[in-house]
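Residues per chain, in single letters:
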Amino acid sequence: MKEKKEDKKGKVALWIVCIFLFTSVVIGMLYVGKMKQEDKELAYTELIKNINQGEIEKIKMTTGSTSITVTYKTLNGEEGTEENEKDRQKKVIVPSVQAFVELIQSKVDANELELELIQESTSQFLKIAETLFSLLPTILLVALMLMIFKMQGFGGDKDKVYGGESNKKSDVRFKDIAGLEEEKNELIEIVDFLKKPQAYLDMGAKIPRGILLYGKPGTGKTLIAKAIAGEAGVPFISMSGSEFIEMFAGLGASRVRKLFDKAKKMSPAIIFIDEIDAIGARRNSSSGAETENNQTLNQLLVEMDGFDTDQTIIVLAATNRPEMLDKALLRPGRFDRQVTIPAPDLNGREAILKLHSENKKFADDVDFHTIAGDTAGFTGAELANILNEAAIIATREGHNAITNDDVENAVKKVTVGLEKANRVISDKDKKLTAYHEAGHAVVSKFLETQTDVKEVSIIPRGAAGGYTMYKTNEDKYYISRTELLEKMVALMGGRAAEKVALNEISTGASNDIEVATGIARDMLTVYGMDDKLGPISLKVDDPYELQVFGEKVIAEVGNQIQQLIDNAYATAQRILLENMDILDKVANTLLEKEKISSEEFEMFFQ
Ligand code: ATP
């Protein structure tokens, strides 16, 4: 909220500067125009001489101004006309208006000279214009600096405070977090530390300073940190690691200092640093940006070491790349507690879905247990997003409540992309897609470890021309070698079907190939699943580590990846050649109906 308000203020300021600038430029231009008319200046002594010689026809004066305009009777010896009046004019600055008027009064009285008096308002305008115009460079400079400051984001605190001075506490509680029971249990004692720190100190216990939350984006790390602050009723000061990184050296470090100073004033408090890897990455080189990062990180380390025992500040930090962090951050007294926040399991997903369904209307056919079963690997944020998408779809479709179909469509929209039923596709492409998808589905039916087909479609969705969806009804922590090998065979099913049925191959298999190659590489270099290479870890993207193993090993990895892919492709082709009749039937049904459900697909095998 606070940040939004500040944002608004910034915008208003920027608008004011822009309007001011614009007005100054316009007024300035008018002034220049005016000056141009009057740029023929005359010396005062010359004027007096000309008046005495009777050469002046008219004198224009403005009250309050020492600048006057005189009109000569002739122009280059020729009698003056109305048309050339402007050219006959000259501007003169008079030292004293009163003395000047006295001087010419007799001539005016004798009608030798015409005196025209103009109201001050115009001159006032000119004066303002003059002032504004002279200030223009300064205004421009200030505006430019303001803009740079705004872009850099300094000149204001970037951290968001919930609670503290305004006494508005974080309103998130543990009950707002579904699942994650063990993690909540592990963190509940932090709430107690914050509530009654003295009791712990009296007992001689050290209050933890830093807790690192590891987990994929969207697993609820921020939510947990807010809930701890909410439960304990203490201010929640949060900042993202990337916001510490500044273009100007030293600012990141000063920001860390300010953040901790603020927290100390509000103690007891929670500081939450999201994406801590942005500042806490391992220190190695000393080039420009790195040094700046190192300074920020050093400051963070200094601040964490520097709490007094009477200041109860707990720093929570989140990252999804724990391996990147500098070891110094993990030492005792700093982030010495680490809690992994996993993607939710089946029960967790069901609980999250139910929690996020509370403010929505659902039809009776919606079963959250089944949806949870179909969304293995989804994070809390993704599940919340699916229910929101389902509500949007239901509204668009004019339903009274969100139906099961709406939720299923939302899952597909989030995973594969939006259905593009209106895209025009040639018959040839349709046939190729039909065989490709039928290939995946039929091949996986003959693979023991692969889950059942849920839906096959040749209606384009997102970037995909068609898709085969599988049922996911089991949460797995480990995947066996056989399962990985068979996954590769299922992935090759698409390309294999194109080849055996149409004797043609297409670009449609590019993503399958990429995923399959990734699996093969990981099997060899991460999971150590190759008989010859043995259980070794080989970071293929780290040239130094590769050197350790020597070229022979690297070549072997390449050979083995090739071998695994070749085998998978051959197996897929064999399965399809043995079941050509089913492949044809599935592909033809797809061409006819565009979509096949799980039940319809099973019928081909009876
Ligand atoms: P990031 O690493 O991207 O910052 P994060 O792990 O901090 O992500 P959050 O911002 O806490 O994730 O979660 C995003 C949203 O997902 C939450 O606001 C909430 O709506 C939902 N969410 C995530 N996990 C849960 C959960 N366990 N229970 C309820 N809602 C959840």
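Residues numbered from 1 in each chain as written. Predicted model: local features only at pLDDT ≥ 70, side-chain atom pairs only at ≥ 80, totals over all residues. Heavy atoms only, no water.

Draft legend 1. Just the overall build of the chain, in detail. Scanning the chain from N- to C-terminus turns up 21 helices and 16 strands. The buried share of the chain, reckoned over its 606 residues, is 42%. A separation threshold of at least 6 residues defines the contact pool for the chain, and within that pool the share at least 24 residues apart is 74%. Carbon and sulfur atoms make up 54% of the accessible area of the chain, which totals about 33,300 Å². (Helix = DSSP H or I, 4+ residues; strand = E, 2+ residues; numbered from the N terminus. Buried < 20%, exposed > 50% of the residue type's maximum accessible area, 1.4 Å probe, protein only. Contact = heavy atoms within 4.5 Å. Areas by Shrake-Rupley, 256 points an atom, 1.4 Å probe, with all protein chains shown as cover.)

Draft legend 2. Local environment of the confidence of the model for the chain. On average, residues of the chain score 81 in pLDDT, and 83% of them reach the 70 mark or higher. Least confident of the elements in the chain is strand β8 (residues 160-162), whose mean pLDDT is 56; most confident is helix α17 (residues 481-502), at 95. Note on residues 1-6: pLDDT under 50 across the span, and six contacts to partners over four residues away in sequence or across chains. For residues 163-168, every residue scores under 50 in pLDDT, and the model assigns this stretch eight contacts once sequence neighbours within four places are set aside. (pLDDT = per-residue confidence, 0-100.)

Draft legend 3. Geometry of the sheet that holds strand β16 (residues 595-597). Taking strand neighbours across the sheet as the criterion, the three strands line up as β15-β14-β16 in an open arrangement whose pairing is antiparallel. Edge positions in the sheet fall to β15 (467-470) and β16, since each has one partner strand and no second. With strand direction ignored, the average angle separating the axes of adjacent strands in the sheet is 10°. Bridge analysis of strand β14 (residues 453-457) against β15 gives four bridges, and the strand direction is antiparallel. (Pairing = 2+ DSSP bridges. Axes fitted to C-alpha atoms, helices over the stretch in contact; angles between N-to-C directions.)

Draft legend 4. Local environment of the pattern of salt bridges. In total, this model carries 19 salt bridges according to the counting rule given. The salt bridge involving K196 is made with D192; its shortest N-O contact spans 3.3 Å. By relative accessible area, which is 44% here, K196 ends up partly exposed. A residue is classified by how much of its surface remains accessible, and D192, at 25% relative accessible area, is partly exposed. A single network of salt bridges, built from pairs that share partners, joins D374, E408 and K454. (Salt bridge = Lys/Arg side-chain N within 4 Å of Asp/Glu carboxyl O.)

Draft legend 5. Expanded view of the site of the ligand. If you check the shell around the ligand, you find 18 residues, and the closest are A178, G218, K221, T222 and H356. Here H356 contributes a side-chain N or O atom positioned 2.9 Å from a nitrogen atom of the ligand. Relative to its unbound accessible area of 640 Å², the ligand is 76% covered by the protein chains. Of all the elements in the fold, those that place two or more residues in the shell around the ligand are α7 (221-232), α12 (346-357) and α14 (380-396). Classifying every residue of the shell around the ligand gives eight nonpolar, six polar and four charged. Each of domain 2 (160-340) and domain 3 (346-415) accounts for three or more of the residues forming the shell around the ligand. (Near = heavy atom within 4 Å. Polar contact = N/O pair within 3.5 Å; in protein donor to acceptor, adjacent residues only side chain to side chain. Nonpolar A, V, L, I, M, F, W, Y, C, P; charged D, E, K, R; others polar. Domains from an automatic or database assignment.)

Draft legend 6. Spatial organisation of the pairing of strand β12 (residues 313-319). Counting buried positions over the seven residues of β12 gives seven, a clear majority of the element. Where burial is concerned, the two faces of β12 agree: the one with I313, V315, A317 and T319 and the one with I314, L316 and A318 are both buried. Note that strand β9 (residues 210-214) and β12 share five bridges and pair parallel. Counterpart to G210 in the pairing with β12 is V315. By the bridge criterion, five bridges tie strand β11 (residues 269-274) to β12 in an arrangement that is parallel. The residue of β12 that forms the bridge with A269 is I313.

Draft legend 7. Spotlight on the nonpolar core. If you look at the biggest cluster of nonpolar residues, it comprises 44 residues, and the most contacted ones within it are M488, L576, L583, V586, L590 and F601. For this core, the secondary-structure elements that each account for two or more residues are α16 (427-445), β14, α17, α18 (510-525), α19 (543-578) and α20 (580-593). Excluding residues that lie within four positions of it along the chain, M488 makes contacts with A516, I519, A520, M523, L564, I565 and A568. (Core = buried A, V, L, I, M, F, W, Y, C linked by side-chain atoms within 4.5 Å.)

Draft legend 8. Representation of the packing of aromatic side chains in the model. One pass over the structure, following the stated rule, counts six aromatic pairs. With a centroid separation of 5.1 Å and an interplanar angle of 65°, the aromatic rings of F601 and F605 are classed as edge-to-face. Through a chain of ring-to-ring contacts, three or more aromatic side chains come together here, namely F446, F601 and F605. Its guanidinium or amino end placed over the ring of Y72, K90 lies 5.5 Å from that ring's centre, counting from NZ or CZ. The ring of F605 is capped by K445, whose NZ or CZ atom sits 5.4 Å from the centre of that ring. (Phe/Tyr/Trp six-rings, centres within 6.5 Å; stacked < 30°, edge-to-face > 60°. Lys NZ or Arg CZ within 6 Å of the ring centre and 35° of its normal.)

Draft legend 9. Inspection of the environment of N111 at higher detail. Examined against the element boundaries, N111 turns out to sit in the loop between α3 (97-109) and β7 (114-118). Residue classification places N111 among the exposed residues on the basis of a relative accessible area of 71%.

Draft legend 10. Quick peek at α17. Given a rise of 1.5 Å per residue, 22 residues ought to cover 32 Å, and the 32 Å separating the end C-alpha atoms of α17 matches this to within 8%. Following α17 by one or two positions, N503 has its phi on the positive side, about 50°. (Expected span 1.5 Å × (residues − 1).)

Draft legend 11. Spotlight on the side chain of K221. Along the chain, the position of K221 falls in helix α7. Notably, K221 is buried but unbridged: the nearest opposite-charge side chain belongs to D274, and the N-O separation is 5.9 Å. Only 2.8 Å separates the side chain of K221 from the backbone oxygen of K216, close enough to count as a polar contact. Not counting chain neighbours up to four residues away, the residues in contact with K221 comprise L213, Y214, G215, K216, F272, A318, T319 and I341. (Lys, Arg positive; Asp, Glu negative; His and termini not counted.)

Draft legend 12. Main features of the environment of L259. Mapped onto the fold, L259 is located in helix α9 (residues 251-266). Accessibility expressed as a relative area gives 1% for L259, which makes it buried. Expressed as a C-alpha distance, the spacing of L259 and E303, which sit 44 residues apart in the sequence, is 9.7 Å.

Draft legend 13. Geometry of unusual backbone geometry. Cis geometry is adopted by the peptide bond preceding P268, which originates at S267 and carries an omega value of 0°. Of note, P268 is situated in the loop between α9 and β11. Non-glycine residue L180 carries a positive phi angle of around 50°. Residue placement: L180 occurs in the loop between β8 and α5 (181-195). For E275, which is not a glycine, the phi torsion comes out positive at approximately 45°.

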